[in-house]
Amino acid sequence: MNEKLSTGQFWRLTAIGTVAFFAFWYLARVLYFAPPQFLPMPHEVLAKLVDLLHNPFAGHVLTEHMLASLQRFGMGFGLAALIGVPLGLAMGWFRWLDDMVTPLFDALRFIAPVAWVPFAALWFGTGIGGPTLIIFAGAFPPCLINAYRGAKNVDVRFLEAASMLGVGSYRTITEVLFPAAVPSIIAGLRIGAGLGWMSLVGAELIVASSGMGNLIVRAQSAIATDTVMAGMIAIGMVGVVIDVLIRRLERYLLKHRSA
């Protein structure tokens, strides 16, 4: 039986895992797992990360690349959430809408986001529209699917009570389905945010002239492995922050729902 860890235990285990990771990294370098040019020391990567905050690479400092990526991510993920969540809830309530959307959606959701890169490049070039399309393609399916499942799993007694009170479809969706489906919706947003953030980096490798993906591919071309790894660390750190913010949104919505 799994027991919930205390805060102290959590941070101790986190520290142990972090130390073990860096120890393995140093050991791999000492044992010459790869040439120094392709496997820099951890402190060298961290130093490069700090250096990128002040000295431009590929035309911009690290914060400017990150802001460009976050702008694209915000547009793509925002559209995915604003369309996917309401549509998923509506599909869970209206059978005709479910039957109309599901066949096409099931065909499209299995297409990898990177498969849209050629169209993104042709339609939008290196503007913001291309990465936005690819992020949307990655984030939209989990947003819709989890909202739909959340609506389908609502306690039937709530729906019967709303029907007996003469509540219309719109109020049923907004005041019954949505509050009850919040945990499932947040799970979909977390998955969608992760897929969208990963899709963004892949998109920027090809259809962007700035951003973290562009920084990484330019660094790879210059065989600047420390810059590549510093960019990867920055991407991972921002991804964690995005996930934490979504979890805080979940706590806020659940608290508001129970109030």
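For every chain, the first residue of the written sequence is number 1, and numbering continues from 1 along that sequence. Only residues with pLDDT of at least 70 get local features here, since the model is predicted, and only at 80 or more are side-chain atom pairs given and counted; chain-wide, interface and lining totals rely on the full set of residues. To get the side-chain values, all heavy atoms of the structure are used, and hydrogens and water are removed first.

Undergrad: I'm lost on the overall build of the protein in this one. Help?
TA: What counts as a helix is a DSSP run of H or I of at least four residues, what counts as a strand is a run of E of at least two, and both are numbered from the N terminus. On a plain count of helices and strands, the protein comes out with 10 helices and zero strands. Seen in sequence order, the protein has helices and strands lined up from the N terminus as α-α-α-α-α-α-α-α-α-α. Categorising residues by exposure relies on relative accessible area from a 1.4 Å probe, with only protein chains included: less than 20% of the type maximum marks a residue as buried, more than 50% marks it as exposed, and the intermediate range marks it as partly exposed. Per-residue burial over the protein gives 39% buried out of 259 residues. Note on contacts: a residue pair is in contact if any heavy atoms of the two residues lie within 4.5 Å. For the protein, long-range pairs separated by at least 24 residues make up 73% of all intrachain contacts whose partners lie at least 6 apart in sequence. What sets the accessible areas is the Shrake-Rupley method with a 1.4 Å probe; for residues, cover comes only from the shown protein chains. Accessible surface for the protein amounts to roughly 15,000 Å². Of this, 69% is attributable to carbon and sulfur atoms.

Undergrad: Please clarify how the nonpolar core should be interpreted in this entry.
TA: Where a protein is soluble and globular, its nonpolar side chains tend to be buried together. Remark: nonpolar core denotes a set of buried residues (Ala, Val, Leu, Ile, Met, Phe, Trp, Tyr, Cys) joined through side-chain atoms within 4.5 Å. Grouped together as the largest cluster of nonpolar side chains are 57 residues, with contacts concentrated most on Phe73, Phe77, Leu89, Leu189 and Trp197. With 12 residues, the top contributor of residues to this core is helix 8 (residues 169-207).

Undergrad: Looking at this structure, I do not really get the side chain of Thr225. What am I missing?
TA: Mapping Thr225 onto the fold places it in helix 10 (residues 225-258). Here a polar contact is recorded for every N or O atom pair within 3.5 Å, except that within protein the pair must consist of a potential hydrogen donor and a potential acceptor, and residues adjacent in sequence are included only if both atoms are side-chain atoms. One polar contact links the side chain of Thr225 to the main-chain carbonyl oxygen of Gln37, over a distance of 2.8 Å. Setting aside residues no more than four positions away along its own chain, Thr225 makes contact with Gln37, Phe38 and Pro40.

Undergrad: Please explain the pattern of salt bridges as it appears in this structure.
TA: One side chain can pair with another of opposite charge once the charged atoms of both are near each other. What counts as a salt bridge is simple: a side-chain nitrogen of Lys or Arg found within 4 Å of a carboxyl oxygen of Asp or Glu. All chains considered together, the criterion is met by six salt bridges. Arg95 serves as the salt-bridge partner of Asp99, at 3.3 Å between the closest nitrogen and oxygen. With a gap of four residues between them, Asp99 and Arg95 both fall in helix 4 (residues 95-108), about one helical turn apart. Of the residues examined, Asp99 reaches a relative accessible area of 45% and is grouped as partly exposed. The partner of Asp243 in a salt bridge is Arg247, with the nearest N and O atoms 3.2 Å apart. Of this pair, Asp243 and Arg247 both sit in helix 10, four residues apart, which is roughly one turn of that helix. On the basis of relative accessible area, Arg247 is assigned to the partly exposed category, the value being 33%. The structure contains a network of salt bridges with shared partners spanning Arg190, Asp243 and Arg247.

Undergrad: How should the environment of Leu144 be read in this particular structure?
TA: Among the structural elements, Leu144 can be located in helix 6 (residues 129-152). Non-local contacts of Leu144, meaning those with residues more than four positions away in its chain, are made with Gly84, Leu87, Gly88, Met91 and Phe105.

Undergrad: Is there a simple way to think about helix 6 in this case?
TA: Because an α-helix completes one turn every 3.6 residues, residues spaced three or four positions apart along the sequence face the same direction. For a helix, the expected span equals 1.5 Å multiplied by the residue count minus one. In this model helix 6 runs 34 Å from its N-terminal to its C-terminal C-alpha over 24 residues, within 8% of the 34 Å that 1.5 Å per residue would give. Bend angle per residue: angle between axes fitted to the 7 residues ending at that residue and the 7 residues starting there. Along its length, helix 6 reaches its greatest deviation from straightness, about 35°, at Ala139, and the proline Pro141 lies no more than four positions downstream. Counted residue by residue, helix 6 has 18 buried out of 24 residues, so it is predominantly covered.

Undergrad: Please clarify how the environment of Thr174 should be interpreted in this entry.
TA: Along the chain, Thr174 turns up in helix 8. Separated by 128 residues in sequence, Thr174 and Leu46 have C-alpha atoms that sit 47 Å apart.

Undergrad: What is the right way to read the side chain of Asp98 from this model?
TA: Among the secondary structure elements, Asp98 is positioned in helix 4. This count recognises Lys and Arg as positive and Asp and Glu as negative, with His and chain-terminal groups excluded. It is Lys152 that comes nearest to the buried, bridge-free Asp98 among opposite-charge side chains, at 4.6 Å. If sequence neighbours within four positions are ignored, Asp98 has contacts with Met91, Pro103, Tyr148 and Lys152.

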